[in-house]
Amino acid sequence: MINALTVDLEDWYHICGTEDNAAPSKWAEYESRVTRNTETVLSILKAYDTKATFFILGYIAEKEPDLISAIHKEGHELAIHGYYHRRLFELSREEFEEDVRKSIDVVTAITGEKVLGYRAPEWSIRNNTLWALGVLKKLGIMYDSSMVPLTRMGERNFGLYPHTIKTEYGDILEFPLTTMRFFWENLPFTGGLPLRIAPYWYTLSKLKWMNKRYGQSGLVYVHPWEFDNEHPEIDLPLSRKFMHYFRMTTTRPKIEGLLKHLKFGPIRNVLAL
Ligand SMILES: [Zn+2]
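Residues numbered from 1 in each chain as written. Predicted model: local features only at pLDDT ≥ 70, side-chain atom pairs only at ≥ 80, totals over all residues. Heavy atoms only, no water.

Asks: I'm lost on the overall build of the chain in this one. Help?
Replies: The helix and strand inventory of the chain stands at 11 helices and 11 strands. In summary, the chain has a C-alpha radius of gyration of 17 Å against a globular reference of 19 Å for 273 residues, a match within 12%. Based on the C-alpha atoms only, the size of the chain along its principal axes is roughly 45 × 45 × 40 Å. Here the chain, with 273 residues, has 57% of them falling under the buried criterion. Of all intrachain contacts in the chain linking residues separated by at least 6 positions in sequence, the fraction that spans at least 24 positions is 75%. As displayed, the chain has an accessible area near 12,000 Å², and 53% of this comes from carbon and sulfur atoms. Side chains of the chain give 34 positive and 35 negative charges; the mean places of these two sets differ by 8 Å. (Helix = DSSP H or I, 4+ residues; strand = E, 2+ residues; numbered from the N terminus. Rg over C-alpha atoms; globule rule 2.2 N^0.38 Å. Buried < 20%, exposed > 50% of the residue type's maximum accessible area, 1.4 Å probe, protein only. Contact = heavy atoms within 4.5 Å. Areas by Shrake-Rupley, 256 points an atom, 1.4 Å probe, with all protein chains shown as cover. Lys, Arg positive; Asp, Glu negative; His and termini not counted. Charge placed at Lys NZ, Arg CZ, Asp CG, Glu CD.)

Asks: What's the story with the pattern of salt bridges in this structure? I'm lost.
Replies: Oppositely charged side chains may form a pair once their charged atoms are brought near each other. Within this structure, the stated rule accounts for 14 salt bridges. Of the charged contacts, one joins Glu 74 and Lys 46 as a salt bridge, the two residues approaching to 3.7 Å between their closest N and O atoms. Remark: Lys 46 occurs in helix H2 (residues 34-47) and Glu 74 occurs in the loop between helix H4 (65-73) and strand S3 (77-80); sequence separation between them is 28 residues. Since its relative accessible area comes to 60%, Lys 46 is described here as exposed. Between Arg 87 and Glu 122 there is a salt bridge, with its nearest N and O atoms 3.1 Å apart. (Salt bridge = Lys/Arg side-chain N within 4 Å of Asp/Glu carboxyl O.)

Asks: Can you walk me through unusual backbone geometry in this structure?
Replies: Most peptide bonds take the trans configuration, and most residues that are not glycine carry a negative phi. One non-glycine residue with positive phi stands out, namely Glu 122, at about 50°. By secondary structure assignment, the location of Glu 122 is in the loop between strand S4 (117-118) and helix H6 (131-138). The residue Trp 123 is not glycine, and still its phi comes out positive at about 50°.

Asks: Please clarify how the coordination of the zinc ion should be interpreted in this entry.
Replies: Six octahedral donors around a metal ideally make angles of 90 or 180 degrees; four tetrahedral donors ideally make 109.5 degrees. Those donors, Glu 10 (OE), His 81 (NE2) and His 85 (NE2), are the protein atoms that reach the zinc ion, and they lie 2.0 to 2.1 Å from it. Each donor residue of the zinc ion lies on one chain, and together they are spaced E-x70-H-x3-H. What makes His 81 buried here is its relative accessible area of 1%. (Donors = N, O, S within 2.8 Å, 3.2 Å for Na, K, Ca; no water.)

Asks: Which parts of the structure should I look at to understand helix H9 (residues 238-245)?
Replies: Since the α-helix packs 3.6 residues into each turn, any two residues three or four apart lie on the same face. Buried within H9 are the following residues: Arg 240, His 244 and Tyr 245. Projected down its long axis, H9 carries its buried residues within an arc of 100°, all on one side. Opposite its buried face, H9 presents the exposed residues Leu 238 and Ser 239, each directed more than 90 degrees away. At its buried positions, H9 is contacted by helix H7 (192-197). (Arc of directions from axis to C-beta.)

Asks: What's the story with a nonpolar patch on the surface in this structure? I'm lost.
Replies: On the surface, Phe 182, Phe 183, Trp 184 and Leu 187 cluster together to form a nonpolar patch covering roughly 510 Å² of accessible area. Relative to the elements of secondary structure, Phe 182 occurs in strand S8 (residues 179-182). (Patch = residues over 30% accessible without salt bridge, like charges linked within 9 Å, V, L, I, M, F, W, Y side chains within 5 Å.)

Asks: Would you take a moment to explain the pairing of strand S7 (residues 170-174) for this structure?
Replies: Within a regular beta strand, the side chains point alternately toward one face of the sheet and then the other, so they alternate between its two faces. Inspection of the sheet shows strand S5 (residues 143-144) paired to S7 by two bridges, in the parallel sense. Opposite Tyr 143, over in S7, you have Leu 173 as the bridge partner. Summarising the sheet, strand S6 (residues 163-167) and S7 pair through five bridges and their orientation is antiparallel. Residue Thr 167 lies in a different strand from S7, and its bridge partner there is Gly 170. Connecting the antiparallel pair S6 and S7 is a turn made up of two residues. (Pairing = 2+ DSSP bridges.)

Distances and angles like these do not, on their own, reveal function.
See the structure below:
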């Protein structure tokens, strides 16, 4: 049983919903730390002989083609995380299609390999943005990994495990964020702030239980900036500050522990594509 390990390849200032502080027009002013931080992630993956799926921001691929090439050469899967890190409900259907197409083109030009997967910034496929799945399929994307079966972050009625969804352009696979039932809600615990908050033993035992009890693979996600305890902080609203910076130092030991005790691979392997 392998679980999916995913890296959302973005820099420390790619924060959604903070247009005043971190708009794309300001990005050029910020120090780029993505190469150094991604090298840290790559060295950890190498040490544990593990391959992952990297969801690449088109903006980064355009600026740092050598980094993208290095990830590809290490044998990891390259997928798409949008171009400007904009959430789907901020885009029209046409703008979304353009954003994804542009990202696919940049990444494909570097690797020469077909891109299979997509993840929306901030998991922003919701009931009112489900049209995006048809657009992805139209662009040749085989799977999406953006749906969260959780109120507010996503929709409670979304599927819990990998499944197929029909679109006007044919079926697309969905690998949703892993959650665990906790009273009336499904709680995330395998990446970002939820991983940093959850006790390590909880994450490990729940993933093991899910593998054994349901025969289902879990989905773990990290960001390169979570491995950088010294990145500059943007002045954010309190809730965003908490989400972005709280218990940052716990990411690395938790991920290394999971890599030691469970088997991981890229999504294309887990879904046998
Ligand atoms: Zn992101």
